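# Working through the structure, step by step
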Amino acid sequence: QVQLEESGGGLVQAGGSLRLSCAAPRSIASNRDIGWYRRLVGKQRELVAYFTTGDIANYEKFVKGRFTISRDDSQNMVYLQMTDLKPEDTGIYYCRAWGAYVKDYWGQGTQVIVSS
């Protein structure tokens, strides 16, 4: 089975930064929206940021300018650069690729812990 694989999570202090990476095979990323979700403690999984198939970046309102999504198709990678991290950002971050008429793919997640 073809999989997405996240990396780059870890423990940081409030105000710090992390860059998450998603290894996304071209066969998946080329014909799907692709981006990042997260599951915070005690909450359901929620969208963070993603690229449309037209390569337009979209962000949820709570990001407030702190996160930037990017991609490098030559390396089959999608990134989420997170700055000014806050304790409330603590959770599991997932890469997802999806579309209206294609199968969804999810990574296993990478843990982000922000200490105060």
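In what follows, the structure referred to is the one given above.
These lines cover the structure that appears in this document, whether it is placed above or below. (Residues numbered from 1 in each chain as written. Predicted model: local features only at pLDDT ≥ 70, side-chain atom pairs only at ≥ 80, totals over all residues. Heavy atoms only, no water.)

Here we come to the overall build of the protein chain. Across its full length, the protein chain holds one helix and eleven strands. Ordered by position from N to C terminus, the α and β elements of the protein chain give β-β-β-α-β-β-β-β-β-β-β-β. By the compact-globule yardstick of 13 Å for 116 residues, the protein chain fits well, its C-alpha radius of gyration being 13 Å. Over its C-alpha atoms, taken along the principal directions, the protein chain stretches across nearly 40 × 25 × 25 Å. Across the 116 residues that make up the protein chain, the buried fraction comes to 42%. In the protein chain, of all internal contacts separated by at least 6 residues, the share reaching a separation of at least 24 is 53%. Accessible surface computed for the protein chain: about 6400 Å², of which carbon and sulfur atoms make up 46%. (Helix = DSSP H or I, 4+ residues; strand = E, 2+ residues; numbered from the N terminus. Rg over C-alpha atoms; globule rule 2.2 N^0.38 Å. Buried < 20%, exposed > 50% of the residue type's maximum accessible area, 1.4 Å probe, protein only. Contact = heavy atoms within 4.5 Å. Areas by Shrake-Rupley, 256 points an atom, 1.4 Å probe, with all protein chains shown as cover.)

Let's shift gears to the sheet that holds strand 1 (residues 5-7). Strand order in this open sheet of four strands is 1-3-8-7, and the pairing throughout is antiparallel. Either end of the sheet is taken by a strand with one partner, and the two such strands are strand 1 and strand 7 (67-72). For this sheet, the mean angle separating the axes of adjacent strands, direction not counted, is 20 degrees. Pairing of strand 3 (residues 18-23) with strand 8 (residues 77-82), which is carried by six bridges, proceeds in the antiparallel orientation. (Pairing = 2+ DSSP bridges. Axes fitted to C-alpha atoms, helices over the stretch in contact; angles between N-to-C directions.)

Another aspect to go through is the nonpolar core. Taken as a class, soluble globular proteins show a tendency for nonpolar side chains to be buried jointly. One finds Leu4, Ile34, Trp36, Val48, Leu80, Met82 and Tyr93 to be the most contacted residues of the largest nonpolar core, which totals 26 residues. Elements that contribute at least two residues to this core include exactly strand 3, helix 1 (26-29), strand 4 (33-40), strand 5 (46-51), strand 7, strand 8, strand 9 (91-99) and strand 11 (110-115). Setting aside residues up to four positions removed in sequence, Leu4 forms contacts with Cys22, Ala23, Ala24, Pro25, Ile28, Cys95, Arg96, Ala97, Tyr105, Trp106, Gly107 and Gln108. (Core = buried A, V, L, I, M, F, W, Y, C linked by side-chain atoms within 4.5 Å.)

The next point concerns the state of the cysteines. Each disulfide consists of a covalent bond between the sulfur atoms of two cysteine residues. Per the stated rule, a full pass over the model turns up one disulfide. Two residues share a disulfide in this structure: Cys22 and Cys95, whose sulfurs sit 2.0 Å from each other. Disulfide Cys22-Cys95: torsion about the S-S bond near -80 degrees, hence left-handed. Taken together, the positions of Cys22 in strand 3 and Cys95 in strand 9 put the pair 73 residues apart, joining distant regions of the chain. Accessibility expressed as a relative area gives 0% for Cys95, which makes it buried. (Disulfide = S-S within 2.5 Å.)

Keep in mind these numbers describe shape, not what the thing actually does.
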